[in-house]
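Here is what each chain is made of, one letter per residue.
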2 protein chains.
Amino acid sequence: MNLRSSDPETLIAAAAGGDKSAISRLISLIERGGDPARRVSRLTYGRGDSYTVGLTGAPGAGKSTLTSCLIAEIRAAGRPVAVLAVDPSSPFTGGAILGDRVRMQDHALDEGVFIRSMATRGHLGGLALATPEAVRVLAAAGIGLVLVETVGVGQVEVDIARAADTTVVVVNPGWGDTIQANKAGLLEIADVFVINKADRPGVAETRRDLDNMLDMSSTMGPWRPPIVSTVASTGEGVGELWAAVAAHREHLERSGELALRRTARLCEELSAVLARGIEQRVAALEGGARYQRARDEVVSGACDPYTAAEDLLEALGL
Amino acid sequence: MNLRSSDPETLIAAAAGGDKSAISRLISLIERGGDPARRVSRLTYGRGDSYTVGLTGAPGAGKSTLTSCLIAEIRAAGRPVAVLAVDPSSPFTGGAILGDRVRMQDHALDEGVFIRSMATRGHLGGLALATPEAVRVLAAAGIGLVLVETVGVGQVEVDIARAADTTVVVVNPGWGDTIQANKAGLLEIADVFVINKADRPGVAETRRDLDNMLDMSSTMGPWRPPIVSTVASTGEGVGELWAAVAAHREHLERSGELALRRTARLCEELSAVLARGIEQRVAALEGGARYQRARDEVVSGACDPYTAAEDLLEALGL
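Residues numbered from 1 in each chain as written. Chains lettered and ligands numbered in written order. Predicted model: local features only at pLDDT ≥ 70, side-chain atom pairs only at ≥ 80, totals over all residues.

Side note on the overall build of chain A
Moving on, step 1. For chain A, the count of helices and strands is 13 helices and 7 strands.
Moving on, step 2. Residues classed as buried in chain A amount to 42% of the 318 residues present. (Helix = DSSP H or I, 4+ residues; strand = E, 2+ residues; numbered from the N terminus. Buried ≥ 20, exposed ≤ 12 C-beta atoms within 10 Å, placed from the backbone.)

Topic: the relation of the copies chain A and chain B
Moving on, step 1. When chain A is fitted to chain B, the best match, at an RMSD of 0.1 Å, comes from turning it 179° and sliding it 0.0 Å along the axis. Both copies of the chain, as the preceding transformation shows, are related through a two-fold rotation axis. For chain A, the residue whose C-alpha comes nearest the rotation axis is A:Gly317, separated from it by 3.4 Å.
Moving on, step 2. Interface overlap between copies is the fraction of interface residues in one copy that are interface residues in the other; for chain A against chain B it reaches 100%, indicating a shared surface. (Least-squares fit on C-alpha atoms with pLDDT ≥ 70 in both. Contact = placed C-beta atoms within 7 Å.)

Observations regarding the interface of chain A and chain B
Moving on, step 1. The interface is formed by 37 residues belonging to chain A together with 37 residues belonging to chain B.
Moving on, step 2. Taken together, the elements giving at least two residues each to the side of chain A that touches chain B come down to α3 (34–44), α11 (257–285), α12 (289–300) and α13 (305–315) of chain A.
Moving on, step 3. Element by element, the count of residues in the side of chain A that touches chain B is highest for α11(A), at 13 residues.
Moving on, step 4. Looking at the side of chain A that touches chain B, its residues break down into 21 nonpolar, 8 polar and 8 charged. (Nonpolar A, V, L, I, M, F, W, Y, C, P; charged D, E, K, R; others polar.)

Examining helix α3 (residues 34–44) of chain B
All names here are of chain B.
Moving on, step 1. Among the residues of α3, Ala37, Val40, Ser41 and Thr44 are the ones counted as buried. Seen end-on, α3 carries its buried residues on one side only, within an arc spanning 100°.
Moving on, step 2. Of the residues one or two after α3, Gly46 is the one with positive phi, at around 75°. (Arc of directions from axis to C-beta.)

What about unusual backbone geometry?
Moving on, step 1. Unusually for a residue other than glycine, A:Lys197 sits at a positive phi of about 60°.
Moving on, step 2. Mapped onto the fold, A:Lys197 is located in the loop between β6 (192–195) and α9 (203–216).

Considerations on the pairing of strand β6 (residues 192–195) of chain B
All names here are of chain B.
Moving on, step 1. Burial along β6 is two-sided: the face carrying Val192 and Val194 and the face carrying Phe193 and Ile195 are both buried.
Moving on, step 2. Examined bridge by bridge, β6 and strand β7 (residues 227–229) share 3 bridges and lie parallel to one another. Counterpart to Phe193 in the pairing with β7 is Ile227.
Moving on, step 3. Tracing the backbone out of β6, into helix α9 (residues 203–216) and back to the parallel element β7 gives a crossover that is right-handed. (Pairing = 2+ DSSP bridges. Right-handed = clockwise from strand over helix to strand, strands pointing away.)

Topic: the environment of A:Asp211
Moving on, step 1. Relative to the helices and strands, A:Asp211 resides in helix α9.
Moving on, step 2. Remark: the alpha-carbon pair of A:Asp211 and A:Pro226, spanning 15 residues in sequence, is separated by 9.2 Å.

Some points on the packing of α11(A) against helix α12 (residues 289–300) of chain B
Moving on, step 1. Where α11(A) meets α12(B), the closest approach of the two axes is 10 Å, and the angle between their N-to-C directions is 125°. On the basis of their axis angle, the class for α11(A) and α12(B) is oblique. In the packing of α11(A) onto α12(B), the handedness of the crossing is right-handed. Between α11(A), through A:Thr263, A:Leu266, A:Cys267 and A:Leu270, and α12(B), the contact on the second element is made entirely by B:Ala294, B:Arg295, B:Val298 and B:Val299.
Moving on, step 2. Here the residues of the contact of α11(A) with α12(B) sort into 6 nonpolar, 1 polar and 1 charged. (Axes fitted to C-alpha atoms, helices over the stretch in contact; angles between N-to-C directions. Parallel < 35°, antiparallel > 145°, perpendicular 65-115°, else oblique. Left-handed = near helix turned anticlockwise from the far one by under 90°.)

Describing helix α2 (residues 20–32) of chain B
Moving on, step 1. A rise of 1.5 Å per residue sets the reference length of α2(B), with its 13 residues, at 18 Å; its end C-alpha atoms lie 19 Å apart and thus fit the reference within 8%.
Moving on, step 2. Here α2(B) has its buried residues at B:Ala22, B:Ile23, B:Arg25, B:Leu26, B:Ile27, B:Leu29 and B:Ile30. (Expected span 1.5 Å × (residues − 1).)

Quick look at the pairing of strand β4 (residues 145–150) of chain A
All names here are of chain A.
Moving on, step 1. Of all 6 residues in β4, 6 are buried, a share of seventy percent or more.
Moving on, step 2. With burial as the criterion, each face of β4 is covered, one bearing Leu145, Leu147 and Glu149 and the other bearing Val146, Val148 and Thr150.
Moving on, step 3. Across 5 bridges, the pairing between strand β1 (residues 51–57) and β4 is parallel. By the bridge assignment for β4, Leu55 is matched with Glu149.

In structure tokens:
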């Protein structure tokens, strides 16, 4: 391919042929937004889906090392795999590899592994919109399995879970004392729990703690999240973790829940895209004469903001 | 008045006559939203403004005690005053007095003092929309001075500052070690700094720390925020604090900045109301047949979310 090309169709053809730099540039186009991003979306939509596994947990829990172990596990079975490392707090874009992702470099020369950092802070619509689009690019490139790892905390975890088919929540022994407040939220999104760094004391207590939480949960469906112990630094337990992910995938497929989850996700995505389109139109509206008049009336005290807003929307035919 | 009346006009007339329960019920109407809230907005808009002083700072900094001292100071001069205690994390509405506001009960029997808690979590548009509306109700009731105190942290502080004419940031001796990360944000919103609990060690260091921050600030205009020390539990320094607030008010009025700030605030309010109106229309749209069709096309893979959203907006005339 022409390495300077930024034409979406050319890039997608190259990506489908296994060209990693083409995949990377397609994701860059998505990150930047605008018309090229839309063309990429149109061209990659409906061409099949990749299975997406989200890894979430507190900073320092060992998500990155665990992801690296999972890559090795997946590659041993001969399947291609992609990693999206999402950093919602960073304004950087363009595929910079994050510092703590260095150990993933072990896999950098493997043709069957694609690793990409995504910085979503600047992305309109954020993670919720950027991730599914990137996953569709990867699907179009023939990579049927995507690990999405987040560098961050809080709301992001929920966003990761929304974008993933299976969500793995990584905790450490003794976690219960430190992140009490967030437990209920993690319980809601976890499909599999991992107690990583299980060579440290407190594994049994943490497992009991998680089990108690699961016993008391009133929202749990037919799938009870299994609890796996790992030592990512040695690879111990990683096979069992991957088996748990596979079991969850099988459960989702057999029960029909995978299709339901994906449909719900697409509807959310449509709503988000719609809201973004409307925001852009409001921004455009705010540059216009009609808005200026309404503003002047509000500022002079002639009209309250509610009436002014209603009049504006009516004038727009809304 | 008829105590059972919930007619906005009747309530506003009663409020203007000094009826506190009428004021409280008008604010409840605003909190609940919908048509009655809009009528209250329309009826109270453009009838004059109250001067608004926001108090913000970390939980435990002594905002509530300080507010109580300020009430005493203001009442000594014979002026009526209102306190809005905003709890953005609480879903309660209807004027429940917060627990740590008990010491304000000293003023509960004073006819010239109105104290109200507002829970904004359920309020569409949140604090940014609820506060200015409540302030206009208070203005219509003839209360020309409003203290807005927040129970909370983070983004809320910025919202309080946006809604206030003068923002007082309350810190404690030794604060510098604990909330390092937030300093720049506080610097941006502070019109007056208070070092409360100044009977504790570390006052001089905290003052030097704040002074250094102010020296290095590149965004500061002609007003340099003064730093006042108080011991709210004894009332020490509260007179000086109120004098600093008065000096800031005089500066705003003399320089013309008060009018500019209020104009900017009204424009923000109009944008927020507009965005909310559009959100409601999108929600309504999502119940309709056209949206259903678009959704089906997206789910079946026939159309990507971007094209579907664009088509929907075009169909709306946007």
